[in-house]
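Residue strings, one per chain:
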Amino acid sequence: MKVKFHIEKEDTKTKARLGSLETNHGTVETPMFMPVGTRAAIKGLTPDQVKECGSGIVLANTYHLWLRPGEDIVDKCGGLHQFMNYEGPILTDSGGYQVFSLAKKKEKDITEEGVHFKSHIDGQELMLTPEKSIEIQNKLDSDIAMSFDECPPASATHEYLKNSLERTLRWAERGKKAHKNENQSLFGIVQGGPYEDLRRYSAEETVKLGFDGFAIGGVANDDESKEDMYHAIDYSIPYLPKDKVRYLMGVGEPMDILEGVERGVDIFDCVLPTRIARHGQAFTKHGKINFNNAKYKEDLGPVEEGCDCYCCKNFQRAYIRHLITVGESLGGTLLSIHNIRFLIREVEEIRKAIKEDRFIEYKEDFIKHYQQKGE
RNA sequence: GCGCCAUUGGUGAAGUGGUUAACACGCUAGUUUGUGGCACUAGUAUGCAAGAGUUCGAUUCUCUUAUGACGCC
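Residues numbered from 1 in each chain as written. Chains lettered and ligands numbered in written order. Predicted model: local features only at pLDDT ≥ 70, side-chain atom pairs only at ≥ 80, totals over all residues.

(A) Examining the protein's contact with RNA strand B more closely. The immediate surroundings of RNA strand B are formed by 45 residues, with His120, Cys151, Gly250, Val271 and Ala294 found nearest. Residues of the surface near RNA strand B, tallied by class, amount to 15 nonpolar, 21 polar and nine charged. (Near = placed C-beta within 6 Å. Nonpolar A, V, L, I, M, F, W, Y, C, P; charged D, E, K, R; others polar.)

(B) Quick peek at the packing of helix α13 (residues 317–326) against helix α14 (residues 329–355). Where α13 contacts α14, the two axes come as close as 7 Å, and the packing angle between them is 130°. Our classification of the angle between α13 and α14 gives oblique. In terms of crossing hand, the pair formed by α13 and α14 is left-handed. Across the interface between the two elements, Ile320, Leu323 and Ile324 from α13 touch Leu330, Gly331, Leu334 and Leu335 from α14. Its residues assigned to classes, the contact of α13 with α14 comprises six nonpolar, one polar and no charged. (Axes fitted to C-alpha atoms, helices over the stretch in contact; angles between N-to-C directions. Helix = DSSP H or I, 4+ residues; strand = E, 2+ residues; numbered from the N terminus. Parallel < 35°, antiparallel > 145°, perpendicular 65-115°, else oblique. Left-handed = near helix turned anticlockwise from the far one by under 90°. Contact = placed C-beta atoms within 7 Å.)

(C) Molecular detail of the confidence of the model for chain A. For chain A, the average pLDDT comes to 94, and 98% of its residues sit at 70 or higher. Among the scores for the predicted complex, ipTM is 0.85 and pTM is 0.94. (pLDDT = per-residue confidence, 0-100.)

(D) Up close: the sheet that holds strand β1 (residues 4–10). Reading across the sheet, the three strands line up as β1-β2-β3 and stay open at both edges, with antiparallel pairing between neighbours. The open sheet terminates on both sides in strands that have one partner only, identified here as β1 and β3 (26–30). Along the sheet, successive strands turn relative to each other by an average axial angle of 15°, direction set aside. Sheet topology places β1 next to strand β2 (residues 17–23); six bridges connect them, and they run antiparallel. Residue pairing across strands places Phe5 opposite Leu21, the latter belonging to β2. Across the face of the sheet, α14 comes into contact with β1, β2 and β3 while running at roughly 120° to β2. (Pairing = 2+ DSSP bridges.)

Here's what the structure looks like:
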């Protein structure tokens, strides 16, 4: 079955909405944050630990699983759910983002047919096309597949973005035609950088093609400003159907999730919670803290006061700081658990706030605390 | 006791009679948004064992002292 999205409540003061997304592997409440497991693993965490964080959907990546171990092996193992032993819903990214970061600044590698690039593993010359990406995702058997799109840099010109999004539309159509897995949903992706006319055009045309959900792509690239990112959302959302789920790709930071929800986004994904964890940093309601900092050497408190995660319930900051400074991977694991739980706790609170019709108050309160950095 | 060599930051060390004493680690901070996992960026010796001398100028040359290694008696 295809995913089904239901709106349970719309916020009266903003475009925020409370909903649920029904999939073959369970129903997830929205707004929701999705942890990223690029190579069929949330780095450093077991599926049980991921689940304990309250996760709904998790991500896996087509590009990475195509190169290793190969979609046929995943298929032989019984599909992605069985392969990685995750029973909840899984969304696969198309590989577009990865392939474009490999082909970056070489326009000749980007053709109508697809994208030429060299494998980051052995340098082998490869080509990824919309059909190939969808074919791989069909075999991986995720619940949600993403269209193969071009993800242009934030610095791209209006003209470049226009041509690019038109090609992305043609690719979306080709991908849709190539899509054969009846149990898998397919999402379209809106591009167009920070430009109102392009976002509108891209959204309207993508919607016409007909997808099971819609994503806003091409945001938070390079050093795109927050303003541009919020504009990209604002200019895309009005043209997306209300009854389909909306996914803001690659975003993330605690503040951005609030801004996204306020603008009508339902689901988010981001590598940040796990990446910064491995580098020793944690989200807290007072801002981001860095366990490489000497001030945590003798700190006996939990990573975050009041947090209900496994890390905060069982370990002191001094221990986390120790693990990080000596390079024990458990440090990254524990902070990943905390950071994922932090973002999921945030969306849980957001859902509660929308339900109680106080989303904007919640947001303001969150910002007030988040801006006083330190602790 | 004599001879010979050494002594550079928290550590291992490079180096030169003349503007900012290399590099590495460590340390201190910062960055990270559809992950080319375990990275990147920046800062970190007003001083080259101590003192005196030669010189326009010495960490670099000379002398004395201290400490250490090696060799000889």
